[in-house]
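# Structural description and commentary
Each chain is listed here by its residues.
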Amino acid sequence: TECVSGCVCPEGLFDDGRGGCVEQKDCPCSHNNEWYSSGEKIKVDCNTCTCQKGIWKCTDHVCYGTCMIYGSGHYNTFDGKFYDFDGSCEYVATQDFCGDKNSSGSFSIITENVPCGTTGVTCSKAIKMFLGKTELKLENKEYKEIQRDVGDDVQYWNRTVGLYLVIEASNGVMLIWDKKTTVFIKLSPDYKGKVCGLCGNFDDKANNDFTTRSGLQESNPLNFGNSWKQSPMCPDVTQEIKPCDLKPHRKSWAEKECSIIQSEVFKICHSKVNPLPFYEACVHDACSCDSGGDCECFCSAVAAYAQECIKAEACVFWRTPDICPIFCDYYN
């Protein structure tokens, strides 16, 4: 047992879990199966935790929420619920107009999903961001601004960070887009419990994220996703697509390529971010993108895991001249 006085150590000393005996003030702390000495600090989301006498003492800042949409229909909500939804239509990713009669809503983000590959899976190819009376449309690696007649003035700034286009608005909404099929939506803590859409409601509870447009709790991601389509003309999604079953000849190739996520390369991240859902999403994507987008689908899937690792402070160098290279000189 960790740090309990008893027959293992002399009276007054404690077992430190590593085969030694220490005074109580030197007791280590455990996090994700790793030991940290007294006084060591770690970052958990936007908070700093310090090990004190075997117990973590953490700051209690309220953190920005992040929703991730990537590859062929993978969603990770603000509250960390992972699910797949493949629909060919425009869908509400997140908005703060959720049926409350008194609120007009200050923003809405719509994702336009189109088929990628011949198996029927869909990717987010264009994003519309409504900020007051400004509409931004992101597609084909660039964005356009359209001014509408109704709504408030909401200021926004854009900048390029590495491979990403970042749009940050004065109302606490941030959108990060890789100009392909990955989008991150970040919201300030003021929006906790006040948003709805495919990204969930941001109330720190993942079990109620499947709330439909009419406010009902769903257990099926297809029914939930269908409720957030923008146009009633789009067909409902009725079954989950399993591209590896449709293209069995691609399955072993996909599993081999995606095994990098579970390999030594990402070892320092495995205890911080569970690799399994990202590996399964990668195999799904590598099977599905069979019309020339092999690399883009595979690389986006691995990059999504790498991004979560960086958030957990596990920095991984996984790109090589053979695996998803980026020509930095060109970008610099």
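Each chain carries its own residue numbering, running from 1 in the written order of its sequence. Given that the model is predicted, a residue must reach a pLDDT of at least 70 before its local features are reported, and side-chain atom pairs must reach 80 or more before they are shown or counted; all residues, however, enter totals for whole chains, interfaces and linings. Working from all heavy atoms in the structure, the side-chain values ignore hydrogens and water.

As named in an unreviewed UniProt entry, the protein is MUC2 protein, taken from Lanius ludovicianus.

Listed as buried for helix 3 (residues 248-258) are Arg250, Ala254 and Cys258. In a view along the axis of helix 3, the buried residues occupy a sector of 60°, so they form one face of it. In helix 3, the exposed positions that point more than 90 degrees away from the buried face belong to Pro248, His249, Ser252 and Lys256. Only protein chains enter the accessibility calculation, which uses a 1.4 Å probe. A residue is then buried if its area is under 20% of the maximum for its type, exposed if over 50%, and partly exposed in between. Under the scheme used here, helices are H or I runs from DSSP no shorter than 4 residues and strands are E runs no shorter than 2 residues, and both carry numbers assigned from the N terminus. Directions from the helix axis toward the C-beta atoms define the arc.

With that settled, the discussion passes to the packing of aromatic side chains. In this analysis, rings of Phe, Tyr and Trp, with Trp reduced to its six-membered ring, are considered paired at centre separations within 6.5 Å, and the interplanar angle assigns stacked below 30 degrees, edge-to-face beyond 60, and tilted for intermediate values. Summed over the entire model, instances satisfying the criterion amount to 13 aromatic pairs. Plain terms: the ring middles of Phe78 and Phe202 are 5.3 Å apart, the flat faces sit at 40° to each other, and that makes the pair tilted. Pair noted here: Phe78 is in the loop between strand 9 (74-76) and strand 10 (82-84) and Phe202 is in the loop between strand 19 (183-187) and helix 1 (221-227), with a separation of 124 residues, a long-range link. A relative accessible area of 9% places Phe78 in the buried class. Judged by relative accessible area, which is 2%, Phe202 ranks as buried. Taking 5.2 Å as the distance between ring centres and 75° as the angle between the ring planes, the aromatic pair formed by Phe107 and Tyr191 counts as edge-to-face. One end of the pair, Phe107, is in strand 12 (residues 107-115); the other, Tyr191, is in the loop between strand 19 and helix 1, and 84 residues separate them in sequence. Relative accessible area serves as the criterion here: at 4%, Phe107 is assigned to the buried category. A residue is classified by how much of its surface remains accessible, and Tyr191, at 8% relative accessible area, is buried. Three or more aromatic residues joined by ring pairs make a cluster, and in this case those are Tyr70, Phe82, Phe266, Phe278 and Tyr305. Lysine NZ or arginine CZ positioned within 6 Å of the ring centre and within 35 degrees of the ring normal marks a charge as sitting over the ring. Geometry around Phe210 places Lys81 over its ring, the cationic atom sitting 4.7 Å from the centre.

This brings us to the state of the cysteines. Note on disulfides: each one is a pair of cysteine sulfur atoms within 2.5 Å. For the coordinates displayed, the defined rule picks out 13 disulfides. Each sulfur in the disulfide pair Cys67 and Cys199 lies 2.0 Å from the other. Around the S-S axis, the bridge from Cys67 to Cys199 shows a dihedral of about -75° and counts as left-handed. Of this pair, Cys67 sits in strand 8 (residues 65-70) while Cys199 is found in the loop between strand 19 and helix 1, placing the two residues 132 residues apart along the sequence. The residues Cys67 and Cys199 share a single accessibility class, namely buried. Here Cys258 is linked by a disulfide to Cys282, with a sulfur-sulfur distance of 2.0 Å.

Below, the discussion takes up the nonpolar core. Ile109, Ile185 and Leu187 are the most contacted members of the largest nonpolar core, which has 42 residues in total. For this core, the element with the most residues is strand 13 (residues 122-131), which contributes 4 residues. Excluding residues within four positions of it along the chain, Ile109 makes contact with Tyr91, Val92, Ala93, Thr94, Ile127, Lys128, Met129, Val173, Leu175 and Ile185. Counting 35 residues, the second largest nonpolar core, distinct from the first, contains Ala281, Ala286, Val302 and Tyr305. Side-chain atoms within 4.5 Å link the members of a nonpolar core, which is a set of buried Ala, Val, Leu, Ile, Met, Phe, Trp, Tyr and Cys residues. Note on contacts: a residue pair is in contact if any heavy atoms of the two residues lie within 4.5 Å.

Whether two strands pair comes down to DSSP finding at least two bridges between them. The sheet built from 7 strands is open, its strands ordered 10-9-8-19-18-17-16 with antiparallel pairing. Unpaired on one side and paired on the other, strand 10 and strand 16 (156-161) mark the two borders of the sheet. Geometrically, the sheet is characterised by an average inter-axis angle of 15° between neighbouring strands, direction not taken into account. As defined by bridge partners, strand 8 adjoins strand 19 across 5 bridges and the pair is classed as antiparallel. Of the residues in strand 19, the one forming a bridge with Thr66 is Lys186. Orientation is described by lines fitted to C-alpha atoms, with helices fitted over the stretch in contact, and by angles between N-to-C directions that extend from 0 to 180 degrees.

Pairing is antiparallel in the open sheet, where 3 strands are placed in the order 5-6-7. Each having just a single partner strand, strand 5 (41-44) and strand 7 (55-58) make up the two edges of the open sheet. Direction aside, the axes of adjacent strands within the sheet are offset by 35° on average.

A separate point is the environment of Tyr164. Within the fold, Tyr164 resides in strand 17 (residues 164-169). C-alpha of Tyr164 to C-alpha of Lys179: the two residues are 15 residues apart in sequence and 6.9 Å apart in space. In this view, Tyr164 contacts Arg159, Ile176, Trp177, Asp178, Phe184 and Gln307; residues no more than four positions away in its chain are not counted. The definition of a polar contact used here is a pair of N or O atoms within 3.5 Å, where within protein one atom must be able to donate a hydrogen and the other to accept one, and adjacent residues in sequence count solely through side-chain atom pairs. Among the polar contacts listed, one links the side chain of Tyr164 to the side chain of Gln307, at a separation of 3.4 Å.

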